[in-house]
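Examination of the molecular architecture
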Amino acid sequence: SITVSLYAQTTPPILWQRPSGGTAEDNIARAWLCNDGSSVMCGQSTSTDGDITGNHGYYDGWVIKLDANGVKQWQKCYGGGLSDGIFAIKQTSDNGFIMAGYTGSVDGDVTGNHGGTDGWVIKTDNNGNVQWKKCIGGSKTDVFNGVNTCNDNGFILVGRTTSTDGDLAANKGLLDGWLVKLDAAGNIEWSKNYGGSDDEYIMSAVQIDDNNFVFCGFSKSNNNDLSGNYGDSDAWFGKANATDGSLLWSYQYGGSGYDAVYNLCKATD
């Protein structure tokens, strides 16, 4: 027989903690540690009081920036009269921020919505002031789950889509995994959806040494761009060409239950 003993590690002390929000519903989806030790967080808010000002109506995308001691430096609401959210944020080389999520609005900060919900990307300066913004998608449901910076100072956006028009080509099933490459000014270089006849999400992507993109998420399909599904949803990894987004390889890993990968980073090798 084998006896296993488990020892809990000492819980690290809390250096600071800070509730942030108002009297309605507020949530944080992602956080990013900035190069000066401050942090920036993104999510959604329906509040109009407390830490939050500038709500445009219903859910707004919300960003709050804290200094290294957790003291609020600034906060911003981005959106319109319907539902909007920011699910990913990252500091850029000019010390501004790139943020991505979705919008269902057609007013306020939002222009160019294609219908339904569009993937929404916003570039700001270091104080959260909008430098440019773009709605990307078609007439159905399109959402960005993540964003990353690229070697050419452009951006790679990841998400899911059901659209077959606008910035999308023919959908391959239900929800397709989605990649969009932007240049540094926010212009679309290419937009590609990948998947099969069931649901796929892409949650994260990173550019590797050959300049192509590796992405991760989950897949339920066993046809078109996918093969070898083990049952339910599998963890899904793929590689896309940096020039045109063409799929270079795709692999699924898992078992008969629910399996998924939500984030990845490039290793030193």
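Read on for an overview of the structure. Just so you know, these numbers come straight off a predicted model, no measurement behind them.

**Examining the overall build of the protein chain**
When helices and strands are counted, the protein chain shows zero helices and 16 strands. For the protein chain, the C-alpha radius of gyration of 19 Å lies close to 18 Å, the compact-globule estimate for 269 residues. When its C-alpha atoms are laid out on the principal axes, the protein chain stretches across 60 × 50 × 35 Å. Residue burial in the protein chain is summarised as follows: out of 269 residues, 49% are buried. Within the protein chain, contacts between residues at least 6 apart in sequence are counted, and of these 50% link residues at least 24 apart. Accessible area for the protein chain stands at about 12500 Å²; split by element, carbon and sulfur atoms hold 49% of it.

**Structural notes on the pattern of salt bridges**
Enumeration over the complete set of coordinates arrives at eight salt bridges. Arg18 is paired through a salt bridge with Asp51; the nearest N and O atoms lie 3.3 Å apart. Of the two residues, Arg18 is situated in the segment before strand E1 (26-33) and Asp51 in the loop between strand E2 (39-45) and strand E3 (60-66); the sequence distance between them amounts to 33 residues. Asp51 sits in the buried class, given a relative accessible area of 14%. With a shortest N-O distance of 3.1 Å, Asp94 and Lys123 are connected by a salt bridge.

**Digging into unusual backbone geometry**
The phi torsion at Asn224 lies on the positive side, around 55°, for a residue other than glycine. Note that Asn224 resides in the loop between strand E14 (213-219) and strand E15 (234-240). On the basis of relative accessibility, which here comes to 54%, the residue Asn224 falls in the exposed class. In this structure, Asp232 takes a positive phi of about 55° despite not being glycine. In this structure, Asp232 sits in the loop between E14 and E15.

**A word on the state of the cysteines**
Taken as a whole, this structure holds zero disulfides when the rule is applied. For the unlinked cysteine Cys265, the closest cysteine sulfur is that of Cys216, found at 10 Å.

**Points about the sheet that holds strand E16 (residues 247-253)**
Strand order across the open sheet formed by four strands is E13-E14-E15-E16, with antiparallel pairing between neighbours. The open sheet terminates on both sides in strands that have one partner only, identified here as strand E13 (200-207) and E16. Neighbour-to-neighbour, the strand axes of the sheet open up by a mean angle of 20°, direction not taken into account. In this sheet, E15 lies alongside E14 in antiparallel orientation, the contact comprising seven bridges.

What counts as what
- Residues numbered from 1 in each chain as written.
- Predicted model: local features only at pLDDT ≥ 70, side-chain atom pairs only at ≥ 80, totals over all residues.
- Heavy atoms only, no water.
- Helix = DSSP H or I, 4+ residues; strand = E, 2+ residues; numbered from the N terminus.
- Rg over C-alpha atoms; globule rule 2.2 N^0.38 Å.
- Buried < 20%, exposed > 50% of the residue type's maximum accessible area, 1.4 Å probe, protein only.
- Contact = heavy atoms within 4.5 Å.
- Areas by Shrake-Rupley, 256 points an atom, 1.4 Å probe, with all protein chains shown as cover.
- Salt bridge = Lys/Arg side-chain N within 4 Å of Asp/Glu carboxyl O.
- Disulfide = S-S within 2.5 Å.
- Pairing = 2+ DSSP bridges.
- Axes fitted to C-alpha atoms, helices over the stretch in contact; angles between N-to-C directions.

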